[in-house]
There are 2 protein chains.
Amino acid sequence: MKGSGEAAKRLESFLRSRGLRLTRGRRLAVEAVEACGAHFGIEDVDAAARAKGLRVHRATIYRAVPLLVEAGILRKVSASGGDRGEYEKGLGREHHDHLLCLDCGRSIEVSSAAMEREQARLCAQHGFLAVDHQLRIRGYCAVCRSGGRPRATSGPPAPIATGAPAGRPRRR
Amino acid sequence: MKGSGEAAKRLESFLRSRGLRLTRGRRLAVEAVEACGAHFGIEDVDAAARAKGLRVHRATIYRAVPLLVEAGILRKVSASGGDRGEYEKGLGREHHDHLLCLDCGRSIEVSSAAMEREQARLCAQHGFLAVDHQLRIRGYCAVCRSGGRPRATSGPPAPIATGAPAGRPRRR
DNA sequence: GACTAATTGCGACTTTGTCGCACTTCCGGC
DNA sequence: GCCGGAAGTGCGACAAAGTCGCAATTAGTC
Ligand SMILES: [Zn+2]
Ligand SMILES: [Zn+2]
Ligand SMILES: [Zn+2]
Ligand SMILES: [Zn+2]
């Protein structure tokens, strides 16, 4: 993997710039994150670490993730609308918003320059200095609408390739 | 209070339409919600109920709130970007989005027809049938930017009038 | 290599949310 | 108004998610 090195580099320079230490725990946290799917929670990172045989304590992961966000290695999103905090990898990825399908559970990543522009206008109008934003639209995706596939009519949304790939299906 | 009756009415017709029962617990849940601030979590509703001396069990509140959402009495939002589910009252309120100030913690409610239009376009483009959406922009509000007020430079954001009024300050 | 403050591991703890089940209440029919 | 049965509630035990203080360890500096 190539992106791995990138994240590590980013972590290091971030920590340095903040006078924090580059430690084993933090490095392992990054490694664990690599093994996570498209969208995941902190517990998933912890689980991934354990699955990979990395010995890091839960608390360490919980302490590291916010740093990874600050470093830009992770991004906090709420793609699935669950009540839990969710993250996605942030390196080498443009900002995007999410269309969440209520039927199949997949989340489609989209972006629109016009939209971003409109948001900027809105902020300006209110004298608000934007730092970042999140847009999530819930509804039904093209596939599910056309009924082209046996949709998950009952039970939790089926974790198909695109949306929630690797990780365990979101619990609760 | 006048809105109170409205919510009760809404609750009743919703339950009827779904073949569910209009029960004490559900009525009390609505009553408790009335006592909540602009944005709140289920636990806040529970707390409000207790504070009001309404005897309802936690579990009942947890079971009722999702119904209130379906009934349109509540709306699920994530205004403050916390990891917890948040709600706001939904009756007689237009859809709006949130500008969340990272400094003072207030959340400013805004809406923009242009934005909504743009979102519709985006969805159409992807063959996506939108049901609802949520936009939250984080940044710094006009007041805090002008430094006109002693901003909460340390500690949790000060719960000032607009944003998180009545309820307890968000814990954690 | 020694020093010192930052970080980790750990486990106990809190908070948030869920569940099964016995008891109660609602509601439609009489 | 009263009955019967299903829906809903209270309850407490439980599970999951996240936090905290502290002693032991370790990264960075000299
Ligand atoms: Zn995404
Ligand atoms: Zn779909
Ligand atoms: Zn909107
Ligand atoms: Zn502000």
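This write-up is about the structure you can find in this document. Just so it is clear, the model here is predicted, and its values are computed rather than measured.

Quick look at the protein's contact with DNA strand C
Around DNA strand C, a shell composed of 24 residues is seen, among which T23, R26 and T60 of chain A together with R21 and Y62 of chain B lie nearest. Near the protein, meaning within 4 Å, the atoms of DNA strand C are sugar or phosphate in a fraction of 64%, with bases accounting for the rest. Backbone polar atom of L22 of chain B to a phosphate oxygen of DNA strand C: 2.9 Å apart, as the coordinates give it. Here Y62 of chain B contributes a side-chain N or O atom positioned 2.8 Å from a phosphate oxygen of DNA strand C.

Some remarks on the sheet that holds strand 3 (residues 97–101) of chain B
Strand pairing in a sheet takes place through backbone hydrogen bonds and is either antiparallel or parallel in direction. What the 6 strands build is an open sheet, ordered 4(A)-3(A)-5(A)-5(B)-3(B)-4(B); its pairing is mixed. At either margin of the open sheet sits one strand with a lone partner, and together these are strand 4 (107–110) of chain A together with strand 4 (107–110) of chain B. Pairwise comparison of adjacent strand axes, ignoring direction, gives a mean angle of 20° for this sheet. Direction of pairing for strand 3 (residues 97–101) of chain A relative to strand 4 of chain A: antiparallel, over a ladder of 4 bridges. Bridge assignment links L99 of chain A to a residue of strand 4 of chain A, and that residue is I108 of chain A. Relative to the sheet, helix 5 (residues 113–125) of chain B contacts strand 4 and strand 5 (129–140) of chain A together with strand 3 and strand 5 (129–140) of chain B, its axis offset from that of strand 5 of chain B by approximately 130°.

Some points on the coordination of the zinc ion (ligand 3)
Residues and elements named next belong to chain B. Taken together, the protein donors to the zinc ion (ligand 3) comprise H95 (NE2), D97 (OD), D97 (OD), E116 (OE) and H133 (NE2), at separations of 2.0 to 2.8 Å. Here the donor residues for the zinc ion (ligand 3) map to a single chain with the spacing H-x1-D-x18-E-x16-H. Of the two residues, H95 is situated in the loop between strand 2 (86–89) and strand 3 and H133 in strand 5; the sequence distance between them amounts to 38 residues. Overall, the relative accessible area of 31% leaves H95 in the partly exposed class.

Overview of the pattern of salt bridges
Scanning all chains against the criterion turns up 14 salt bridges over all chains. Linking D46 of chain A and R50 of chain A is a salt bridge whose minimum nitrogen-to-oxygen distance equals 2.5 Å. One end of the pair, D46 of chain A, and the other, R50 of chain A, are both in helix 3 (residues 42–51), 4 residues apart, so they sit about a helical turn from each other. For D132 of chain A, the salt bridge is made with R138 of chain B, and the minimal N-O distance between the two is 2.9 Å. One end of the pair, D132 of chain A, is in strand 5; the other, R138 of chain B, is in strand 5, on a second chain. Take R138 of chain B: its relative accessible area is 29%, and that puts it in the partly exposed class.

Cut-offs and rules
- Residues numbered from 1 in each chain as written.
- Chains lettered and ligands numbered in written order.
- Predicted model: local features only at pLDDT ≥ 70, side-chain atom pairs only at ≥ 80, totals over all residues.
- Heavy atoms only, no water.
- Near = heavy atom within 4 Å.
- Polar contact = N/O pair within 3.5 Å; in protein donor to acceptor, adjacent residues only side chain to side chain.
- Pairing = 2+ DSSP bridges.
- Helix = DSSP H or I, 4+ residues; strand = E, 2+ residues; numbered from the N terminus.
- Axes fitted to C-alpha atoms, helices over the stretch in contact; angles between N-to-C directions.
- Contact = heavy atoms within 4.5 Å.
- Donors = N, O, S within 2.8 Å, 3.2 Å for Na, K, Ca; no water.
- Buried < 20%, exposed > 50% of the residue type's maximum accessible area, 1.4 Å probe, protein only.
- Salt bridge = Lys/Arg side-chain N within 4 Å of Asp/Glu carboxyl O.

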